[in-house]
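Observations on chain architecture
Here are the chains, one letter per residue:
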Amino acid sequence: MQEEVKKLSLRRKLAFATCDIFGGGVFNIINFIYPGYIVLAIGLPAYYAGVVILIARIFDAVIDPVLGYLSDRVRVRFNSRRVTMLISAPLVVVSMFLMFYPHSDPSIMVRFWAALLSYLLFALVQSSVMIPYYSLASEMTDDYTDRARITTVRLAFSIFSSIVCVALPGMIINAYEGNDGYIVMSLAFGFVFMVCIGITALFAKEGIPAPKKTEKFNYVELLQPFRLKVFRQYLGLFLCCQMTMAIMSALFFFYVDFYFCADATASGQSTMVGMLGAAIMFGMQIVALPVYMLIIRKTSKMMAYIIGSLLWIVGALVLFIIPPNTDPLQIYLLAAVLGFGISGPGLIPHAIFGDVVDVGALKFGERTAGVFSGIANFVNTIAQAIGLALVMGVLGLSGFVEQDISEGAAQVLSQPESAQYAIVAVMALAPLVFMSVGIIFCSRYRLNKQRHALVLEALEGSAEEKEAVLRML
């Protein structure tokens, strides 16, 4: 049985990875498209937009641990994690439609509440898919290297979806008059995501069965993962990467449209620089995955994270010296470097999640992947919410001009220099600040391949053996 668990079939790898077409795709639709939609399509001031994002993501964060806790306890004949995903799949279509419905009420507060409530619904549906999915990841196999392999396949699907979901939504939106393109885009991608989630729910059979937990609800257990040093270090790696990606993706099209291509945008010309740059960046992430897998095999997972982080930091700082309205080749080359760098830190937190859950099983005597997943997403979402809200606040303070949707109002085609420079500064400095902290966490992380093998052995050993292994970590 153990050998069967370790050797995943290609069919199961592909079935498992398919759901991350939704995970990676919707992440980029929300982070690349939604900030522009909320200020330039429905015309909310940047301050209000920041409040919408902050409240919705805090709500998302609060429900994540609860959903993770429940996913560990509810067991049916057909794995409960996959049942939850299957039920939630059609709700993705509904929630995406409502989230991108172009509200045009003259009252700012009506538009604010419409945006907030639709985002809250979407956050609930997204979490009901992704929390069970993240938990399922640790139950596909217990092999240290195979987890990296399945994560690589999964991220290849995710990054490919990211490319499509950066380029194609904008094309669909621009193909329609007014804001009707947002409705078409949300429905089209909602249906695709529904199918992808359904494939994983039906065919990604877990290899490590999780026993049903029947104990009464215990708030203390929700905080239990924080007692593990390796989990706290994992959170640090995860947060630094996700925070940086969220900030840069939220500002990417603002940077291209209102800074690098400012003259073209001001004259009403539409360019493909942003879409091509994003496509190159995400495409390079796929190209880089085999390189990082080689680094993992030759050195360690942490070395892959560190190398990618350094490339990411250097690439982002180049933004300070690229002048606006120049040859787009500069952006394309920089996008390639950034993509290659991002790939490493993007891969590693997912690749080590199952390893960390194994340590939790050793420490606490039971496997609670749902709790670990929920807590990780709680902390990550809170951090992203604060970061993105601050970014929108900085834009508001810098004089960013939102769309006026009153009848006959001209479309916003340019931004003041203060807003332009704020965008550049935040994009360039975010990787330096956050990924430097991530590198510090890497230097202290000790759960390598050899120690993980000891963890698996100790799971069947005595209390003294378990304690000895835990002291090594």
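In this text the structure is predicted, and so the values were computed from the model without any measurement. (Residues numbered from 1 in each chain as written. Predicted model: local features only at pLDDT ≥ 70, side-chain atom pairs only at ≥ 80, totals over all residues. Heavy atoms only, no water.)

This paragraph deals with the packing of aromatic side chains. Overall, the coordinates contain 24 aromatic pairs when judged by the stated rule. Judged by centre distance (5.7 Å) and plane angle (45 degrees), the rings of Tyr-292 and Phe-340 are tilted. Placement of Tyr-292 in helix H12 (residues 273-298) and of Phe-340 in helix H14 (residues 329-364) is noted, with a sequence separation of 48 residues between them. Judged by its relative accessible area of 0%, Tyr-292 is buried. (Phe/Tyr/Trp six-rings, centres within 6.5 Å; stacked < 30°, edge-to-face > 60°. Helix = DSSP H or I, 4+ residues; strand = E, 2+ residues; numbered from the N terminus. Buried < 20%, exposed > 50% of the residue type's maximum accessible area, 1.4 Å probe, protein only.)

Here the focus is the nonpolar core. Formed by 145 residues in total, the largest nonpolar core has its most connected members in Tyr-34, Ile-38, Phe-100 and Tyr-255. Top contributing element to this core by residue count: helix H10 (residues 229-260), with 24 residues. (Core = buried A, V, L, I, M, F, W, Y, C linked by side-chain atoms within 4.5 Å.)

Another point: helix H13 (residues 301-317). The first and last C-alpha atoms of H13 sit 25 Å apart over 17 residues, in line with the 24 Å expected at 1.5 Å per residue. Looking only at H13, the buried set comprises Lys-301, Met-302, Ala-304, Tyr-305, Ile-306, Gly-308, Ser-309, Trp-312, Ile-313, Gly-315 and Ala-316. (Expected span 1.5 Å × (residues − 1).)

Our focus in this paragraph is helix H8 (residues 180-203). Owing to its 3.6 residues per turn, the α-helix aligns residues three or four sequence positions apart on the same side. A rise of 1.5 Å per residue sets the reference length of H8, with its 24 residues, at 34 Å; its end C-alpha atoms lie 36 Å apart and thus fit the reference within 8%. Taken together, the buried positions of H8 are occupied by Gly-181, Tyr-182, Met-185, Ser-186, Phe-189, Gly-190, Phe-193, Cys-196, Ile-197, Gly-198, Thr-200 and Ala-201.

This part covers empty space enclosed by the protein. On inspection of all chains with the given rule, the structure shows four cavities of 30 Å³ or more. Surrounding the second largest cavity, Tyr-134, Ala-137, Arg-154, Tyr-234, Phe-238, Pro-349, His-350, Phe-353, Ser-373, Ala-376 and Asn-377 form its lining. The set of elements that each furnish at least two residues to the lining of the second largest cavity consists of helix H6 (108-137), H10, H14 and helix H15 (369-397). Considering only residue class, the lining of the second largest cavity consists of seven nonpolar, three polar and one charged. (1 Å grid on protein atoms, 1.4 Å probe; cavity = no way out; pocket = protein on both sides within 12 Å on 5 of 7 lines; lining within 4 Å. Points joined across faces, edges and corners; volume = space filled by probe spheres on them. Nonpolar A, V, L, I, M, F, W, Y, C, P; charged D, E, K, R; others polar.)

Okay, the pattern of salt bridges next. As enumerated under the stated definition, the model contains two salt bridges in all. Asp-20 is the partner of Arg-154 in a salt bridge, and the nearest nitrogen-oxygen pair spans 3.1 Å. In this pair, Arg-154 is assigned in helix H7 (residues 144-174) and Asp-20 in helix H3 (residues 20-40), connecting sequence segments 134 residues apart. The residues Arg-154 and Asp-20 share a single accessibility class, namely buried. Its salt-bridge partner being Asp-355, residue Lys-301 comes within 2.9 Å of it at the nearest N-O pair. Highlighted residues: Lys-301 in helix H13 and Asp-355 in helix H14, separated in sequence by 54 residues. For the pair Lys-301 and Asp-355, one class covers both residues: buried. (Salt bridge = Lys/Arg side-chain N within 4 Å of Asp/Glu carboxyl O.)

Turning our attention to the packing of H15 against helix H16 (residues 417-444). Contact geometry for H15 and H16: axes closest at 8 Å, N-to-C directions at 155 degrees. When the axes of H15 and H16 are compared, the pair comes out roughly antiparallel. Considering the relative orientation of H15 and H16, their crossing is right-handed. Listed contacts from H16 to Val-391, Val-394 and Leu-395 of H15 are Ala-419, Ala-422, Ile-423 and Val-426. (Axes fitted to C-alpha atoms, helices over the stretch in contact; angles between N-to-C directions. Parallel < 35°, antiparallel > 145°, perpendicular 65-115°, else oblique. Left-handed = near helix turned anticlockwise from the far one by under 90°. Contact = heavy atoms within 4.5 Å.)

Axis separation between H14 and helix H17 (residues 449-458) bottoms out at 10 Å; the angle between their running directions is 40 degrees. Relative to H17, the crossing made by H14 is left-handed. Judged by residue contacts, Asp-355, Asp-358, Val-359 and Leu-362 of H14 engage His-452, Val-455, Leu-456 and Ala-458 from H17. Grouping the amino acids of the contact of H14 with H17 by side-chain chemistry returns five nonpolar, one polar and two charged.

Here the focus is the confidence of the model for the protein chain. When pLDDT is averaged along the protein chain, the result is 84, and 90% of the positions lie at 70 or above. Considering each helix and strand of the protein chain separately, the mean pLDDT is smallest for helix H1 (residues 2-6), with a value of 42, and largest for H13, with 95. pLDDT under 50 marks residues 1-6. Its contacts with residues more than four places away, or in other chains, come to twelve contacts. (pLDDT = per-residue confidence, 0-100.)

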